[in-house]
Amino acid sequence: MSIAHDRGAGSTRTSRLTRAGARQETASRLLASAARKSYDPLVEVDWDAPIPEGLYGMTPEWCSLYGTELWDSMTEDQRVTLTKHEAASIAGTGIWFEMILMQMLLRDIYSHDPSEPHVQFALNEIADECRHSTMFAKSAQRFGVPSYRPKRWIRESARAFKATATGSLAYGGTLFAEEILDMMQRDFMKDERVQPITRTVSKIHVLEEARHIKFAREETVRRAANISRFTRARIRLILGVTAYFVVTSLVNDGVYEAAGLDPKLARAAARANKHYQDKIREGSAKTVEFLDQVGLVGGPSTLLLRRAHVI
C-alpha cells in the first residue's frame, strides 16, 4: 500500500470518527434539553376547562377557505366551527405521520448500541411522539369533533413507506410533516383569538418538536452525504410523493359539511384559494430550502411539490 493511499484511508477513518463524535455530542445536548424541558400533556393541559364561545379552533388565516368569497359569506359561527374541525383534521394527519415516524425511528436504531446518546435520544423522541399523538387525539375529542384521518387508501399505501424508508429518506420525509405543522402552531400558540386548548397543545408541540427537527436535520445531512446518484434520484421522487400526500391530507373533506357548507363548492374554493396556497409555501419554505441544500429536491418530484403548492 502506498503512503498516499494509507494517508487517505487514515483521513477517511478520522472523518468518520469526527462525524460519529458530532452525532453523539448533538444527541447528548438534545437529551439534556429534554431533561430540562419536557411536558406531560395529560397533566399540563386542562382538559376539563370549559370551551369558550366564539374562539377559533386555530388561527383563521391558516384555514383552507380564508380569503375566499365563500369565507366572506359564512357566519361567524360557521367560521369558528370550520376552524375547530380543520384543527382536528390537521391533528389527525399529525397523528398518522407520527405513527409512521415512530416505526421508522425504531427500525433505524434497532441494531445500534443503546448506550449511545443518539439511540437514547431517538427513544426519547418516540416517547415524545406517543404523548403528542395522545394530546392531538384528546384535543379533537374535547372539541367534540370526529377523529379525522387521511383517506384509507393513502393510509394503506403508506405502509410500504413506513416499512422500508431509511436514512435521509426517512428523516427528510419527517421534516416535511414536522416543519409545516411547526410553522402553523407557532401562529396558533400566540393567537388570542384561538381556543386555550389549541394554544397550549401548540406550545407543547412546538417546544418539544424543535429538538426533533434539529435531530432530523442533522441525520438527513449525515445520511445524504455519500449516497449514489441513483439513490439520490429515488429519494427525491419518494420525498416529493410523501410531501404531496402529507400536505394534501391536512384538510379532510368532511370538515366542510360539518360547518354547514356544500362540500363540492367548498372543495373547489379551497383548491383555488391563493391565500391558502401561499400559506402552505410559507410553511414549507424552510424544509424545501434545507433539502435543496443537501441535494434532495429536484427532478420529477418538483412537479408534485408544485402541485401541492409546497414550492
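Just so it is clear, the structure is predicted and the values come from calculations on it, not from any experiment.

Rules used in this analysis
Residues numbered from 1 in each chain as written. Predicted model: local features only at pLDDT ≥ 70, side-chain atom pairs only at ≥ 80, totals over all residues. Heavy atoms only, no water. Helix = DSSP H or I, 4+ residues; strand = E, 2+ residues; numbered from the N terminus. Buried < 20%, exposed > 50% of the residue type's maximum accessible area, 1.4 Å probe, protein only. Contact = heavy atoms within 4.5 Å. Areas by Shrake-Rupley, 256 points an atom, 1.4 Å probe, with all protein chains shown as cover. Lys, Arg positive; Asp, Glu negative; His and termini not counted. Charge placed at Lys NZ, Arg CZ, Asp CG, Glu CD. 1 Å grid on protein atoms, 1.4 Å probe; cavity = no way out; pocket = protein on both sides within 12 Å on 5 of 7 lines; lining within 4 Å. Points joined across faces, edges and corners; volume = space filled by probe spheres on them. Core = buried A, V, L, I, M, F, W, Y, C linked by side-chain atoms within 4.5 Å. Phe/Tyr/Trp six-rings, centres within 6.5 Å; stacked < 30°, edge-to-face > 60°. Lys NZ or Arg CZ within 6 Å of the ring centre and 35° of its normal. Salt bridge = Lys/Arg side-chain N within 4 Å of Asp/Glu carboxyl O.

Caption draft 1: Structural detail: the overall build of the protein. Secondary structure assignment for the protein yields 13 helices and 0 strands. Ordered by position in the sequence, the α and β elements of the protein form the string α-α-α-α-α-α-α-α-α-α-α-α-α. The 311 residues of the protein split such that 50% are buried. A separation threshold of at least 6 residues defines the contact pool for the protein, and within that pool the share at least 24 residues apart is 85%. Accessible area for the protein stands at about 15200 Å²; split by element, carbon and sulfur atoms hold 54% of it. Taken as two groups, the 43 positive and 38 negative side-chain charges of the protein have centres that lie 7 Å from each other.

Caption draft 2: Quick look at the layout of surface pockets. Looking at the largest pocket, its volume works out to about 720 Å³. If you go around the largest pocket, you meet 24 residues; those closest to its centre are Val247, Thr248, Ser249, Val251 and Arg271. Of all the secondary-structure elements, those providing two or more residues to the lining of the largest pocket are α6 (152-164), α9 (229-248), α11 (263-271) and α12 (274-293). By residue number, the principal contributor to the lining of the largest pocket is α9, which donates 4 residues.

Caption draft 3: A look at the nonpolar core. Within the largest apolar cluster, 82 residues are counted, with the highest numbers of intra-cluster contacts made by Leu65, Leu82, Phe176, Leu250, Tyr256 and Leu291. With 14 residues, helix α4 (residues 76-109) is the largest single contributor of residues to this core. With near-sequence residues (within four places) excluded, Leu250 lies in contact with Ser89, Ile90, Thr93, Ile180, Met184, Tyr276 and Ile280.

Caption draft 4: Region of interest: the packing of aromatic side chains. Tallying each qualifying case throughout the model produces 6 aromatic pairs. Judged by centre distance (5.4 Å) and plane angle (90°), the rings of Trp153 and Phe245 are edge-to-face. Of this pair, Trp153 sits in helix α6 while Phe245 sits in helix α9, and the two are 92 residues apart along the sequence. Given a relative accessible area of 23%, Phe245 falls into the partly exposed group. One aromatic cluster is present, formed by Phe121, Tyr171 and Phe215 through successive ring pairs. The ring of Phe290 carries Arg217 above its face, with NZ or CZ at 4.5 Å from the centroid.

Caption draft 5: Structural view of the pattern of salt bridges. Scanning the model with the defined rule gives 17 salt bridges in all. Arg29 is the salt-bridge partner of Glu25, the closest N and O atoms lying 3.6 Å from each other. One end of the pair, Glu25, and the other, Arg29, are both in helix α1 (residues 3-36), 4 residues apart, so they sit about a helical turn from each other. The exposed category is assigned to Glu25, whose relative accessible area is 51%. The exposure class assigned to Arg29 is partly exposed, which follows from its relative accessible area of 44%. Where Asp278 meets Lys274, a salt bridge forms, and the shortest distance between an N and an O atom there is 3.2 Å. In this pair, Asp278 and Lys274 are both assigned in helix α12, 4 residues apart and thus about one turn of the helix distant.

Caption draft 6: Main features of the environment of Thr93. Relative to the helices and strands, Thr93 resides in helix α4. The class of Thr93 is buried, set by a relative accessible area of 4%. Here the alpha-carbon distance between Thr93 and Thr174, two residues 81 residues apart in the chain, equals 13 Å. If we ignore the near neighbours within four places in the chain, the residues touching Thr93 are Pro150, Val246, Ser249 and Leu250.

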